[in-house]
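Geometric and topological summary
The primary structure of each chain is shown beneath.
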Amino acid sequence: MICSKCSTLADQAPDKPNTIDCQFNVQGKVFNDPIHGLVPMHPLLVRIIDTPQFQRLRYIKQLGGACYVYPGATHNRFEHSIGVSHLAGRLVRELKERQPELQISCRDFLCVQIAGLCHDLGHGPFSHLFDGMFIPKVSTGRKWKHEDASVAMFDHLVDKNELKMEQHGLVLPEDLDFIKEQIAGPIDKTPGKWAYKGRPEKKSFLYEIIANKRNGVDVDKWDYFARDSYYLGLQSNFDHDRFINFARVCEVDEEVDGKKMSQICARDKEVDNLYDMFHTRFSLHRRAYQHRVVEAIQLMIRDALVEANPHILIKGSGVKTFRMSDTVFDMEVYSKLTDHVFEQILYSPSSDLDKARKILERITHRRLYKCVGQILKDKDNLEDEVMDKIKKWQSDVASENHLDPNDFELRVIKIDYGMKKDDPIDQMRFYKKDNPTKAFKISKDQVLYLRPESFSQQQIRIYYKKETDETDETIKAIKDDWSIKFPESHADGSQAVVAVVLGPQTSVEVLANIGQMYEEEPQNSARTEDQEKPGIKKQEV
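So, how was this worked out
Residues numbered from 1 in each chain as written. Predicted model: local features only at pLDDT ≥ 70, side-chain atom pairs only at ≥ 80, totals over all residues. Heavy atoms only, no water. Helix = DSSP H or I, 4+ residues; strand = E, 2+ residues; numbered from the N terminus. Buried < 20%, exposed > 50% of the residue type's maximum accessible area, 1.4 Å probe, protein only. Contact = heavy atoms within 4.5 Å. Areas by Shrake-Rupley, 256 points an atom, 1.4 Å probe, with all protein chains shown as cover. Polar contact = N/O pair within 3.5 Å; in protein donor to acceptor, adjacent residues only side chain to side chain. Core = buried A, V, L, I, M, F, W, Y, C linked by side-chain atoms within 4.5 Å. Axes fitted to C-alpha atoms, helices over the stretch in contact; angles between N-to-C directions. Parallel < 35°, antiparallel > 145°, perpendicular 65-115°, else oblique. Left-handed = near helix turned anticlockwise from the far one by under 90°. Nonpolar A, V, L, I, M, F, W, Y, C, P; charged D, E, K, R; others polar. Pairing = 2+ DSSP bridges. pLDDT = per-residue confidence, 0-100.

In this section: the overall build of the chain. For the chain, the helix and strand inventory stands at 19 helices and 13 strands. Within the chain, the proportion of its 541 residues that are buried is 55%. Restricting the contact set of the chain to residue pairs at least 6 apart, pairs at least 24 apart contribute 72%. In the structure as shown, the chain presents an accessible area of about 24,300 Å², 48% of it carried by carbon and sulfur atoms.

Here you go:
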């Protein structure tokens, strides 16, 4: 069945199924969300939500182990996915009402919402910890992304629950292809060739809504910026409502197969808001996602999962059992793997899990891995030199103090505006109020006061894993030796972090307070909101 209002003449050919009411105006349930308020959901979206595969997201924390530093950050992928679907629907509806010539159909509307709802189905325990830290550790060389698992889990969800999408006006397999392409991107990436099957070139802008590969401005980020900031107790200055209000689709100076591409553009005056968006991303990574103590806890959870991997077996639909690292190949098994594995290890009586259990017990007793040093790396050509120097120090300090070199771990922390060293605004197009159909690039001179000196940075950290405390002579000797060998940084990393934070407009008051932000984490307590940001509660750095 197809929509009688949105369908084309070709869609209404005699061999096509019967028509149905326009899906733009169909409502199922209303969810009350702390970020977006009342969120109406289409009946097909509700049908997807009410499946075991989607409900699994209730048990996967959005920010992994960050809740052990920020107590409020216990939110999950379930609520984030509903928020992304809602924002996607809002943006599509606004574009349709503002620009009827785009011929956005209710099929487009529903497919984009479904993609937003299902884009994170493939996340494993503790979200990015699983695919970014655990899988690379136990499966060296394996190229696996949670986006690929999201597509596989979506297929599994549709088949297992016998979803009748055609009853809601979708055309298969075309619309299924469109949904999956929005989640994982195109299969064919030949330059100069249209890479998608789900929608033609004239609707290229629809692929920028959920996961924008062009410039990173998408509804996925809008939701997690707002939601993560809310639960972390941090401030976000980006206003996604303003962007939606001023968004327009314009033709841009780009062609594929000889056809002009269309792109979602912003009003020229919104460039400030967009820089706020990318600064929010940078700030969240620096202050929360890549926080020194968060990283230590995530390393501990990773190490516990690695130790437990050979011993925790999950039964599939048949008689076969799978290790955690192999569940990603079978969605029936993978759907049973969530954050609960933490408690499964912690409370297991099995002697096979002794090593893993002791690591997790250290987390619950706040006996964490220690960051003994941290360096800001601001020149690419120094990375190998610095890494070699740190590795030599690691070997020397282990030998001098009779330690095991394997008790140290090097971590390279990369933080940027979303496009490594480049300014994502260079890939954005804008329009003027008096000429809303002509897209143009903002020149660097126009935003000189908004642009940071650098769009990326790297920190090299070294963690000591063996259980110790601040009064232990060993840890004191390690930190003292680090300070001597690397005088440009402190053993607690405070100087390196200050170098990271500073910008051309940083005030003297902020400089005075910023060093306090990274004091050594107190034992037996979670960092509170006030401890994390003393003196800069209302001033962004």
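In this section: helix H14 (residues 354-364). Regarding H14, the residues found buried are Ala 356, Arg 357, Ile 359, Leu 360, Arg 362 and Ile 363. Along its buried surface, H14 packs onto helix H11 (292-308) and helix H13 (341-346).

This part covers the environment of Glu 254. Its location among the elements puts Glu 254 in strand S5 (residues 248-256). Expressed as a C-alpha distance, the spacing of Glu 254 and Gly 192, which sit 62 residues apart in the sequence, is 9.6 Å. Residues within four places of Glu 254 in sequence aside, it is in contact with Arg 214, Lys 259, Lys 260 and Met 261. At 2.6 Å, the side chain of Glu 254 forms a polar contact with the side chain of Arg 214.

On to the nonpolar core. Phe 54, Ile 114, Ile 209, Trp 222 and Phe 243 are the most contacted members of the largest nonpolar core, which totals 133 residues. The greatest single-element share of this core, amounting to 10 residues, is contributed by H11. Phe 243 has contacts with Val 217, Trp 222, Phe 238, Ile 264, Ala 266, Glu 270, Asn 273, Leu 274 and Met 428, leaving out every residue within four places of it along the chain. With 18 residues, the next largest nonpolar core counts Val 386, Met 387, Trp 393 and Ile 462 among its residues.

As a packed pair, helix H4 (residues 106-118) and helix H7 (residues 174-184) sit with axes 9 Å apart at the nearest point and diverge in direction by 45°. Judged on the interaxial angle alone, H7 and H4 are oblique. Read as a crossing pair, H4 and H7 show a hand that is right-handed. Contacts between H4 and H7 involve Arg 107, Asp 108, Cys 111, Val 112, Ile 114, Ala 115 and Cys 118 on the former and, on the latter, Glu 174, Asp 175, Phe 178, Ile 179, Gln 182 and Ile 183. Within the contact of H4 with H7, the residues separate by chemical class into eight nonpolar, one polar and four charged.

With antiparallel pairing, the three strands of this open sheet are ordered in space as S9-S13-S10. Each end of this open sheet is capped by a strand with a single partner; those strands are strand S9 (370-377) and strand S10 (408-416). Averaged over neighbouring strand pairs, the angle between their axes works out to 20° when direction is ignored. Across nine bridges, the pairing between S10 and strand S13 (residues 456-464) is antiparallel. Counterpart to Ile 413 in the pairing with S13 is Gln 459. Lying on the sheet, helix H10 (residues 271-289) is in contact with S10 and S13; it crosses S10 at an angle near 165°.

A cis amide bond links Leu 172 to the next residue, Pro 173, at an omega of 5°. Inspection of the secondary structure puts Pro 173 in the loop between helix H6 (146-160) and H7. Here the phi dihedral of Glu 162 falls at roughly 50°; this positive angle occurs in a residue that is not glycine. Of note, Glu 162 is situated in the loop between H6 and H7. The backbone of Arg 366 sits at a positive phi, close to 65°, despite the residue not being glycine. Structurally, the position occupied by Arg 366 is in the loop between H14 and S9. On the basis of relative accessible area, Arg 366 is assigned to the buried category, the value being 6%.

Let us now look at the confidence of the model for the chain. In the predicted model, the chain carries a mean pLDDT of 86, and 85% of its residues have values of at least 70. Long-range and interchain partners of residues 493-541, a stretch whose pLDDT sits below 50, account for 92 contacts in this model, where long-range means more than four residues apart.

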